[in-house]
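Fold and contact review
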Amino acid sequence: MEDSDSHIQTYPGQPDHEKWMEFAIELGARQMPFTPPNPWVGCVLVAKSGEVFFGNTQPPGGKHAEIVALDAAGVKADGSVMYVTLEPCAHYGRTPPCTQAIIEAGVKKVFMALPDPDKKVYGSGIKELRAASIDCQIGLCAKKAAEILLPYLKQRVTGRPFVVLKLAATSDGYIAAPDYSSKWITGEEARKDAHRLRAESGAVAVGANTLRHDDPELTVRLVDGKDPLRIVLGKADSDSKAQPLLEWTSGPEELLDYLGEMNILQLLVEGGSKAAGAFHTKGLVDKYVIYFAPALLGNGNGVPMISGSDVEQIAQIWRGRFHAVTKVGEDIRVDIVPMTFDAMLTGFSQLK
């Protein structure tokens, strides 16, 4: 097979539906740092000739994934099969409706992983395509697509952003020495990966103590992407490197409601210990990302990862599950999700 930026040359034959949808999901995932508040969608178009054309959603104001793929295919879109990770839009926004372009191009069948829960889209794209006698199949690789799109889906369904709590710790569980110094516990590769999390998040929040002791910039410098909205949980000095900042003095639930109304899809909480505890103890964290360094503080007076819990017995401890464990440079990234994560993922993947 021959690859290019716009199409793949294959041989005619029975399409491998899951393969092409998984490729569409991969294409969409690449755009997560660039498309919010729009969803990061991928699209693959298999022409009658066997040629494959593809695209993903461009930054706000740019083309949606379906249009990028259709433009790449040109007249070869006639009679083609489309694989798209989210229901095509049928309304005018910053761009014309994707459904109109799909119909005019002569696409004969559309596989979509998920309906779009946005109230401007939900069901209308499917209805319009079917009214034009285009065969629409919903649910192909739905769970895989839902996991990639979780921040978008959660915000559209619940009104609140997806919350990621990120911490960098020694292997014995401390995020800072007793004097609150913490630069740098982890190595450069882990820090770059954490910047990728920032790029994927519309907002980043830190506690006032962390801001005062570490004086972080909270920008995206090591990877491509947009700087998130910067938030301090408390008050900030006027000369803080992270200025301009949103100073938040109300509770974390109110912050999530506020950010949801601002169309923020994902909030990254970067600590410290008290800030982590404020979200953790209220059950507001959707995913924990912890970078463990091969280092030991060996001092019981270090700053713990999470504070504020009133747990006194082992039977009371919070339990989630390991979602992923990845080596990042000399460090290890551990993704932990709450027990409710799978139910949330299943619920979004079964949207009808």
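Residues numbered from 1 in each chain as written. Predicted model: local features only at pLDDT ≥ 70, side-chain atom pairs only at ≥ 80, totals over all residues. Heavy atoms only, no water.

1. Describing the sheet that holds strand E10 (residues 203-207)
Pairing in this open sheet of eight strands is mixed, and the strands run E12-E11-E10-E13-E8-E14-E17-E16 from one edge to the other. If you trace the sheet from one side to the other, it starts and ends with strand E12 (246-248) and strand E16 (320-328), each paired once. Neighbour-to-neighbour, the strand axes of the sheet open up by a mean angle of 25°, direction not taken into account. Pairing of strand E14 (residues 287-293) with strand E17 (residues 331-338) involves five bridges; the strand directions are antiparallel. The partner of Ile290 across the bridge, within E17, is Val334. (Pairing = 2+ DSSP bridges. Helix = DSSP H or I, 4+ residues; strand = E, 2+ residues; numbered from the N terminus. Axes fitted to C-alpha atoms, helices over the stretch in contact; angles between N-to-C directions.)

2. Topic: the packing of aromatic side chains
All told, the structure shown has five aromatic pairs when counted by the stated rule. Seen in terms of ring centroids, Tyr83 and Phe111 are 5.2 Å apart; in terms of plane orientation they differ by 5°. Their pairing is stacked. Of the two residues, Tyr83 sits in strand E5 (residues 81-86) while Phe111 sits in strand E6 (residues 109-114), which places them 28 residues apart along the sequence. For the residue pair Tyr83 and Phe111, the accessibility class agrees, reading buried in each case. Look at Trp248 and Tyr258: their rings are 5.3 Å apart centre to centre, the planes differ by 35°, and that puts the pair in the tilted class. Of the two residues, Trp248 is situated in strand E12 and Tyr258 in helix H9 (residues 252-261); the sequence distance between them amounts to 10 residues. According to the relative accessible area criterion, Trp248 is buried, its value standing at 13%. A relative accessible area of 32% places Tyr258 in the partly exposed class. (Phe/Tyr/Trp six-rings, centres within 6.5 Å; stacked < 30°, edge-to-face > 60°. Buried < 20%, exposed > 50% of the residue type's maximum accessible area, 1.4 Å probe, protein only.)

3. As for the packing of helix H6 (residues 150-158) against helix H11 (residues 341-349)
One way to put it is that H6 packs onto H11 with a least axis distance of 11 Å and a crossing angle of 80°. If you check the angle between H6 and H11, you find them roughly perpendicular. The segment H6 lies against H11, with Leu150, Leu153, Lys154 and Val157 engaging Phe341, Met344, Leu345 and Phe348. Classifying every residue of the contact of H6 with H11 gives seven nonpolar, no polar and one charged. (Parallel < 35°, antiparallel > 145°, perpendicular 65-115°, else oblique. Contact = heavy atoms within 4.5 Å. Nonpolar A, V, L, I, M, F, W, Y, C, P; charged D, E, K, R; others polar.)

4. Section: the side chain of Gln155
Position of Gln155 among the secondary structure elements: in helix H6. The exposure class assigned to Gln155 is buried, which follows from its relative accessible area of 7%. From its side chain, Gln155 meets the backbone oxygen of Gly260 in a polar contact 2.9 Å long. Not counting chain neighbours up to four residues away, the residues in contact with Gln155 comprise Arg160, Pro161, Gly260, Asn263, Ile264 and Leu265. (Polar contact = N/O pair within 3.5 Å; in protein donor to acceptor, adjacent residues only side chain to side chain.)

5. Quick notes on the nonpolar core
Nonpolar side chains in soluble globular proteins tend to end up buried together. Ranked by size, the top nonpolar core spans 76 residues in total, and within it Met21, Val44, Leu45, Met82, Tyr83, Val110 and Leu114 carry the most contacts. Examining the composition of this core, we find that six residues originate from one element, helix H1 (residues 17-29), more than from any other. Val110 has contacts with Met82, Val84, Ile102, Leu129, Ile134, Asp135, Cys136 and Gln137, leaving out every residue within four places of it along the chain. Membership of the second largest hydrophobic core comes to 26 residues, among which are Leu267, Val269, Val285 and Val334. (Core = buried A, V, L, I, M, F, W, Y, C linked by side-chain atoms within 4.5 Å.)

6. Examining the confidence of the model for the protein
A residue-level look at the protein finds 95% of positions with pLDDT of 70 or above and a mean pLDDT of 91. For the protein, strand E1 (residues 2-3) is the element with the lowest average pLDDT, namely 36, and strand E13 (residues 266-269) is the one with the highest, namely 98. (pLDDT = per-residue confidence, 0-100.)

7. Some words on the environment of Tyr258
Tyr258 sits 126 residues away from Ala132 along the chain, and the two C-alpha atoms are 40 Å apart. When near neighbours in sequence (up to four residues on either side) are disregarded, Tyr258 contacts Leu246 and Trp248.

8. Some remarks on a nonpolar patch on the surface
Judged by side-chain polarity, Val311, Ile314 and Ile317 come together as a nonpolar surface patch covering roughly 260 Å² of accessible area. If you trace the backbone, Val311 turns up in the loop between strand E15 (303-304) and E16. (Patch = residues over 30% accessible without salt bridge, like charges linked within 9 Å, V, L, I, M, F, W, Y side chains within 5 Å. Areas by Shrake-Rupley, 256 points an atom, 1.4 Å probe, with all protein chains shown as cover. Salt bridge = Lys/Arg side-chain N within 4 Å of Asp/Glu carboxyl O.)

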